[in-house]
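Commentary on secondary and tertiary structure
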Amino acid sequence: MRGDIRYFILSHMKAIELKEKVSLKDYLYTHNFSVKEYKKPFLCKFHEDHNPSAAIYNTNKGDFYICFACGVKGDIFDIVGLVENLPRFKDQYKFLKEMYENRT
Ligand SMILES: [Zn+2]
C-alpha cells in the first residue's frame, strides 16, 4: 500500500482528524512556552526573543503558530516537527497520534 494514492488520502484524512483533537496551544504550554491564550503574544522559543513576538491563532483548520520576528509559522505538525526534531510528516503524525492516545 505504501506509495499508493489511497494510502496517501487515508493518512491525510486521519491527519486532519488528529489535528482537530490535539491542541497546539496545550502542547506548547507543556513545553514551557509562555502561551496563555489565543492571539495574545508570547515569547517565541525558535529565536532569542525579548519582546513577545509569537502568537497562536485558532482557525477552522486547527491551531496555527506564527512568529512575527523570526518567521516560524505552521500548524501542530510543523511545530512538533521543529520542537521534536522530526522533519518527516510520517514521524510527526506518529508522534502526535501516540501523544493523543496516551492522554485518553
Ligand atoms: Zn521566533
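The following refers to the structure shown. Predicted, not measured: the structure shown is a model, and the values here were computed from it.

**A look at the overall build of the protein**
- A count of helices and strands for the protein gives four helices and three strands.
- If you list the helices and strands of the protein from N to C, you get α-α-β-β-β-α-α.
- Projecting the C-alpha coordinates of the protein onto the three principal axes gives extents of approximately 50 × 25 × 25 Å.
- Going through the 104 residues of the protein one by one, you find that 15% of them count as buried.
- Summarising the internal contacts of the protein: among those between residues at least 6 apart in sequence, 32% fall at separations of at least 24.

**Re unusual backbone geometry**
- Phi is positive for Asn-32, which is not a glycine, with a value near 65 degrees.
- Relative to the helices and strands, Asn-32 resides in the loop between helix H2 (24-30) and strand S1 (54-59).
- Here Asn-85, not a glycine, exhibits a phi torsion of approximately 55 degrees, which is positive.
- The residue Asn-85 is located in the loop between helix H3 (76-83) and helix H4 (89-103) in this model.

**Description of the pairing of S1**
- Direction of pairing for S1 relative to strand S2 (residues 62-67): antiparallel, over a ladder of six bridges. By the bridge assignment for S2, Thr-59 is matched with Gly-62.
- The loop that links S1 with its antiparallel partner S2 comprises two residues.

**Here's the deal with the environment of Ala-15**
- By the element assignment, Ala-15 lies in helix H1 (residues 5-21).
- Considering only alpha carbons, one finds Ala-15 and Phe-77, 62 residues apart in sequence, at a separation of 9.0 Å.

**Points about the nonpolar core**
- Counting residues in each nonpolar core, the largest one holds 14 residues, and the members touching the most others are Leu-24, Tyr-65, Ile-76, Ile-79 and Val-80.
- Mapped by element, the contributors of at least two residues to this core are H2, S1, S2 and H3.
- With four residues, H3 is the largest single contributor of residues to this core.
- The residues touching Ile-76, leaving out its near neighbours within four places in the chain, are Lys-19, Val-22, Leu-24, Tyr-27, Gly-62, Asp-63 and Leu-96.

**Some details on the sheet that holds S1**
- If you walk across this open sheet you meet the three strands as S1-S2-S3, and the pairing is antiparallel. Each having just a single partner strand, S1 and strand S3 (73-74) make up the two edges of the open sheet.
- Strand direction decides the pairing type here: S2 and S3, joined by two bridges, are antiparallel. Across the sheet, the residue bridging to Ile-66 is Lys-73, located in S3.

**Some thoughts on the environment of Lys-14**
- Mapped onto the elements of the fold, Lys-14 is located in helix H1.
- Accessibility expressed as a C-beta count within 10 Å gives 12 for Lys-14, which makes it exposed.
- Through-space distance from the C-alpha of Lys-14 to that of Lys-97 is 9.6 Å; in sequence the pair is 83 residues apart.

Cut-offs used in this document
Per chain, the residues get numbers from 1 upward, laid out in the order the sequence is written. Under the rules for a predicted model, residues below a pLDDT of 70 receive no local features and side-chain atom pairs below 80 are neither given nor counted, while totals for whole chains, interfaces and linings still include all residues. What counts as a helix is a DSSP run of H or I of at least four residues, what counts as a strand is a run of E of at least two, and both are numbered from the N terminus. Exposed residues have 12 or fewer other C-beta atoms within 10 Å of their own C-beta, buried residues have 20 or more, and residues in between are partly exposed; the C-beta atoms are placed from the backbone. This entry defines residue contacts through backbone-placed C-beta atoms, with two residues in contact when those atoms are within 7 Å. DSSP-based pairing: two strands are paired if at least 2 bridges between them are found. Nonpolar cores are built from buried Ala, Val, Leu, Ile, Met, Phe, Trp, Tyr and Cys residues. These are joined into a set through C-beta atoms within 7 Å.

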